[in-house]
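# Structural features, examined
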Amino acid sequence: ALKRRDAASLPDWNQLLIEKSYAILVKRRALAEQINGVLAALCSELTGGAAPLRLELVASLRGAREGWPAQVEQARAAELEAGHALVGPHRDDYRLSLGGPQGGVRAETQFSQGEYRAALLALELALNRLLSERPGFAPVLILDDLFSELDEGVRARVLDHLERLPNQIFITATEAPRHRGSAPAHRLTIEAGRIV
């Protein structure tokens, strides 16, 4: 309807969008809280730091549900111009934040490269933990360029954590870590496109 600039049918579509958006938002918030239940502890374990990591849902429809029709209506002219919906669950996002030493909070855009990599790894491992709670389900973890941007202490803690997981894990790295765990592993070295 928006692509065809069909403003007459938009109220019906917008009502449906609002109804479905609420159910999606509730589920997404619940998922974020589940993740947050393990995320801060995982990040602290991996980094040795005490600053709490948190995942927050950033919804495009804000405030109380009763105010959403006005927000959707307010976006109508811009949506007709753009030819697609500018508010709704397809425009939602997640944001990571890290607590500071004096209680301040830093958004992921203010993380160092190492903090950002460690935070994303903690998020992946938190999701893995939640998915692994399902009976008979163990995700395969694929961790590409795992050690990039991580200092030696974090690398060692990450490897120690990974060794305790029951998952099958594939790791790529441009250099082998100095810390070698005790878990059995198959190591392949590739040079000039060949396994050596």
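### Observations regarding the pattern of salt bridges
Under the criterion given, the structure shown has 7 salt bridges. Taking the shortest distance from any N to any O, the salt bridge between Glu73 and Arg76 comes out at 2.8 Å. When its relative accessible area of 43% is taken as the criterion, Glu73 is described as partly exposed. Counted as one network, the salt bridges with shared partners bring together Glu152, Arg155 and Glu175.

### Focus: helix H5 (residues 152–163)
Its 12 residues give H5 an end-to-end C-alpha distance of 17 Å, which sits within 8% of 16 Å, the value for a rise of 1.5 Å per residue. Listing the buried residues of H5 in full gives Val154, Arg155, Ala156, Val158, Leu159, His161 and Leu162. For H5, the elements touching its buried residues are helix H1 (10–47), helix H4 (113–132), strand S4 (141–143) and strand S5 (169–171). At the N-terminal boundary of H5, the capping side chain belongs to Asp151, with an oxygen 3.1 Å from the backbone nitrogen of Gly153.

### Topic: H1
Structural remark: α-helix, 3.6 residues per turn; residues separated by three or four positions point the same way. The axis of H1 is deflected most strongly, by about 35°, at Val38. A positive backbone phi angle near 75° is found at Gly48, which sits one or two residues after H1.

### A look at empty space enclosed by the protein
Under the defined criterion, the tally for this structure stands at 1 cavity of 30 Å³ or more. Lining of the largest cavity is provided by Ser21, Leu25, Ala59, Ser60, Leu61, Trp68, Gly88, Pro89 and Asp92. Here the lining of the largest cavity is built from residues that sort into 5 nonpolar, 3 polar and 1 charged.

### With respect to the layout of surface pockets
The calculated volume of the second largest pocket comes to roughly 200 Å³. Surrounding the second largest pocket, 15 residues form its lining, Thr47, Leu98, Gly114, Glu115 and Ala118 being those nearest its centre. Going through the elements one at a time, H1 and H4 are the ones with two or more residues in the lining of the second largest pocket. Counted by class, the lining of the second largest pocket contains 7 nonpolar, 4 polar and 4 charged residues.

### Considering the sheet that holds strand S3 (residues 105–107)
The strand order across the open sheet formed by 3 strands is S1-S2-S3, and the pairing between neighbours is antiparallel. Edge positions in the open sheet fall to strand S1 (53–58) and S3, since each of these has one partner strand only. Adjacent strand axes in the sheet meet at a mean angle of 35° when their direction is disregarded. Note: strand S2 (residues 93–99) against S3, 3 bridges, orientation antiparallel. Looking at the pairing, Gly99 lines up with Val105 of S3.

### Quick word on the nonpolar core
Within the largest apolar cluster, 28 residues are counted, with the highest numbers of intra-cluster contacts made by Leu39, Leu53 and Val158. At the level of secondary structure, the elements contributing two or more residues to this core comprise H1, S1, S2, H4, S4 and H5. A per-element tally of this core places H4 first, with 8 residues. If sequence neighbours within four positions are ignored, Leu39 has contacts with Leu53, Arg54, Leu55, Leu96, Ala122, Leu123 and Ala126. Ala59, Leu61, Trp68 and Ala75 belong to the second-largest nonpolar core, a separate cluster that totals 9 residues.

Conventions we followed
- Residue positions are given per chain, counted from 1 along the sequence in the order it is written.
- Selection of residues for local features in this predicted model requires a pLDDT of at least 70, selection of side-chain atom pairs for listing and counting requires 80 or more, and totals for whole chains, interfaces and linings are taken over all residues.
- Note that the side-chain values use all heavy atoms of the structure and ignore hydrogens as well as water.
- Definition used for salt bridges: Asp or Glu carboxyl oxygen within 4 Å of a side-chain nitrogen of Lys or Arg.
- Exposed residues in this analysis have more than 50% of their type's maximum accessible area, buried residues have under 20%, and partly exposed residues fall in between, with area computed by a 1.4 Å probe over protein chains only.
- Here a helix means four or more residues in a row that DSSP labels H or I, a strand means two or more in a row labelled E, and each is numbered from the N terminus.
- The span expected for a helix works out to 1.5 Å for each residue beyond the first.
- Any two residues whose heavy atoms approach within 4.5 Å are treated as being in contact.
- In the analysis that follows, any N or O atom pair within 3.5 Å is treated as a polar contact, provided that within protein one partner can donate a hydrogen and the other can accept it, and provided that, for residues neighboring in sequence, both atoms belong to side chains.
- Bend at a residue means the angle formed by two fitted axes: the first through the 7 residues ending at that position, the second through the 7 residues beginning there.
- Both cavities and pockets are sets of points on a 1 Å grid over the protein atoms alone; in a cavity a 1.4 Å probe fits but cannot get out, in a pocket the set is open with protein on both sides within 12 Å along at least five of seven lines, and lining residues sit with an atom within 4 Å of a point.
- Grid points are joined across faces, edges and corners, and a volume is the space filled by probe spheres set on the points.
- As a working rule, the residues Ala, Val, Leu, Ile, Met, Phe, Trp, Tyr, Cys and Pro are called nonpolar, Asp, Glu, Lys and Arg charged, and the rest polar, with Gly in that last group.
- Here, strands pair whenever DSSP counts at least two bridges between them.
- Here the axes come from fitting lines to C-alpha atoms, over the contacting stretch only for helices, and the angles between their N-to-C directions go from 0 to 180 degrees.
- Throughout this description, the term nonpolar core refers to a set of buried Ala, Val, Leu, Ile, Met, Phe, Trp, Tyr and Cys residues connected via side-chain atoms within 4.5 Å.

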